[in-house]
Amino acid sequence: MNAKIEEIDGKYVATLEGEMDTAAAAEAEEVLKPLYETNGRDVIIECKDLEYIASSGLRILLSILKGAKAAGSKVVLRNVNDDIKDVFKLTGFISIFEFE
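A brief report on the enclosed structure follows. Being a predicted model, the structure only gives us computed values, none of them experimental.

## A word on unusual backbone geometry
Stage number 1. Despite not being glycine, D9 shows a phi value in the positive range, around 50°.
Stage number 2. Looking at the element boundaries, D9 is found in the loop between β1 (2-8) and β2 (11-20).
Stage number 3. D9 sits in the exposed class, given a relative accessible area of 76%.
Stage number 4. In this structure, N39 is a non-glycine residue whose phi angle is positive, near 55°.
Stage number 5. Among the structural elements, N39 can be located in the loop between α1 (22-32) and β3 (43-53).

Here's what the structure looks like:
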């Protein structure tokens, strides 16, 4: 699992690659923790190379979303594959996240 954050055009862009299983989620959370406080900047989470997400990964994304909404920002999940989108559908998260 690889995760990184960049600032591009005044937005935070987080890139997720590999499998965000329970073991990898703790490491990913450390990298993504700055996104819990967006300071009014929108967040794009690039998922093109994300192959799997466990419930612990969903919890991290939900924490990012809560922090962003509190700051008046939005979170967009970009290039989510069908398998991961199915996980969002099964958990009901499909209706609370914005997808591109």
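What follows continues from the structure just given.
## A closer look at the pairing of β3
Remember that side chains alternate between the two faces of the sheet whenever the strand is regular.
Stage number 1. Two strands pair when backbone bridges link them, and β2 and β3 are joined in this way by eight bridges, in the parallel orientation. Its bridge partner lying in β3, V13 is registered against I44.
Stage number 2. Taken together, β2, α1 and β3 constitute a β-α-β crossover, and its handedness is right-handed.
Stage number 3. For β3 and strand β4 (residues 75-78), the ladder comprises four bridges, and the chain directions are parallel. The partner of I45 across the bridge, within β4, is L77.
Stage number 4. Handedness of the β3-helix α2 (residues 55-70)-β4 crossover: right-handed.

Criteria and thresholds
Note that residues are indexed from 1 along each chain, following the sequence as it is written. Only residues with pLDDT of at least 70 get local features here, since the model is predicted, and only at 80 or more are side-chain atom pairs given and counted; chain-wide, interface and lining totals rely on the full set of residues. With hydrogens and water excluded, all non-hydrogen atoms of the structure serve as input to the side-chain values. Helical segments are the DSSP runs of H or I of at least four residues, strand segments are the runs of E of at least two, and each set is numbered from the N terminus. Each residue is assigned to one of three classes by its accessible area relative to the maximum for its type, calculated with a 1.4 Å probe on protein chains only: buried under 20%, partly exposed between the two thresholds, exposed over 50%. For two strands to pair, DSSP has to find at least two bridges joining them. Here the term right-handed applies to a crossover when the path leading from its first strand over the helix to its second strand runs clockwise, the strands being oriented away from the viewer.

This is a description of form; function is not addressed.
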